[in-house]
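Structural overview
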Amino acid sequence: MDDPKLPAPFAALADLAAEPTTEQARKLTAALKAVPELQRWLRVQRQRTTRGLLDAGRSREELAPILEVSKQRVSDIASGHLNSAALARKARSAASSD
């Protein structure tokens, strides 16, 4: 499993609620453009955490309501399988880059 880095534009989000400036607008734009990277990072972290909880003895039945998913989806998350919506996004992204 690769370990993506948290995208840099998100480190400065706390500063983006200040008075409007051109620098603030630039940072907001960069953060919006990096949302797919943030989603990838979050998926990896969720997978690692879910796998760790299962390895530590937690059950799929226990984790499912916490994650607001089915027991099967807990297994899918822990093993890195994408759900149908994520697979569709990945296919659209690949098609648009061709």
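As the structure is a computational prediction, the values presented were derived from the model and not from experiment.

This next bit is on unusual backbone geometry. At glutamate 68, a residue that is not glycine, the phi angle is positive and equals roughly 60 degrees. If you trace the backbone, glutamate 68 turns up in the loop between helix H3 (60-67) and helix H4 (71-79). A relative accessible area of 73% means that glutamate 68 is categorised as exposed.

Looking at the chain, pLDDT values average 85 and 89% of them are 70 or higher. No element of the chain has a lower mean pLDDT than helix H5 (residues 84-97), which averages 73, and none a higher one than H3, which averages 97.

In this section: the nonpolar core. Within the largest apolar cluster, five residues are counted, these being Leu54, Leu63, Ala64, Val74 and Ala78. The set of elements that each furnish at least two residues to this core consists of H3 and H4. Ignoring sequence-local partners within four residues, the contact set of alanine 64 consists of Val69, Ser70, Lys71 and Val74.

This part is about the packing of helix H2 (residues 35-55) against H3. With their axes 10 Å apart at the nearest point, H2 and H3 run at an angle of 150 degrees to one another. Here H3 runs roughly antiparallel to H2, going by the angle between their axes. Considering only the axes of H2 and H3, their crossing is right-handed. Residues Thr50, Leu53 and Leu54 of H2 touch H3, and the partners they reach there are Arg60, Leu63 and Leu67. Grouping the constituent residues of the contact of H2 with H3 by class yields four nonpolar, one polar and one charged.

On to the environment of alanine 11. The residue alanine 11 is located in the segment before helix H1 (22-33) in this model. The exposure class of alanine 11 is exposed, given its relative accessible area of 70%. Taking the C-alpha atoms as reference points, alanine 11 and alanine 31, 20 residues apart in sequence, are found 9.4 Å from one another.

Residue placement: glutamine 24 occurs in helix H1. The exposure class assigned to glutamine 24 is buried, which follows from its relative accessible area of 11%.

Quick look at the pattern of salt bridges now. Working definition: two side chains of opposite charge can pair if their charged atoms are close together. Applying the stated criterion across every chain yields a total of three salt bridges. Among the salt bridges present, the one from arginine 26 reaches glutamate 23, with a minimum N-O distance of 2.4 Å. With arginine 26 and glutamate 23 both in helix H1, this residue pair falls three residues apart, about one helical turn. The class of arginine 26 is partly exposed, set by a relative accessible area of 48%. Overall, glutamate 23 belongs to the partly exposed group, its relative accessible area being 37%.

The rules behind these values
Residues numbered from 1 in each chain as written. Predicted model: local features only at pLDDT ≥ 70, side-chain atom pairs only at ≥ 80, totals over all residues. Heavy atoms only, no water. Helix = DSSP H or I, 4+ residues; strand = E, 2+ residues; numbered from the N terminus. Buried < 20%, exposed > 50% of the residue type's maximum accessible area, 1.4 Å probe, protein only. pLDDT = per-residue confidence, 0-100. Core = buried A, V, L, I, M, F, W, Y, C linked by side-chain atoms within 4.5 Å. Contact = heavy atoms within 4.5 Å. Axes fitted to C-alpha atoms, helices over the stretch in contact; angles between N-to-C directions. Parallel < 35°, antiparallel > 145°, perpendicular 65-115°, else oblique. Left-handed = near helix turned anticlockwise from the far one by under 90°. Nonpolar A, V, L, I, M, F, W, Y, C, P; charged D, E, K, R; others polar. Salt bridge = Lys/Arg side-chain N within 4 Å of Asp/Glu carboxyl O.

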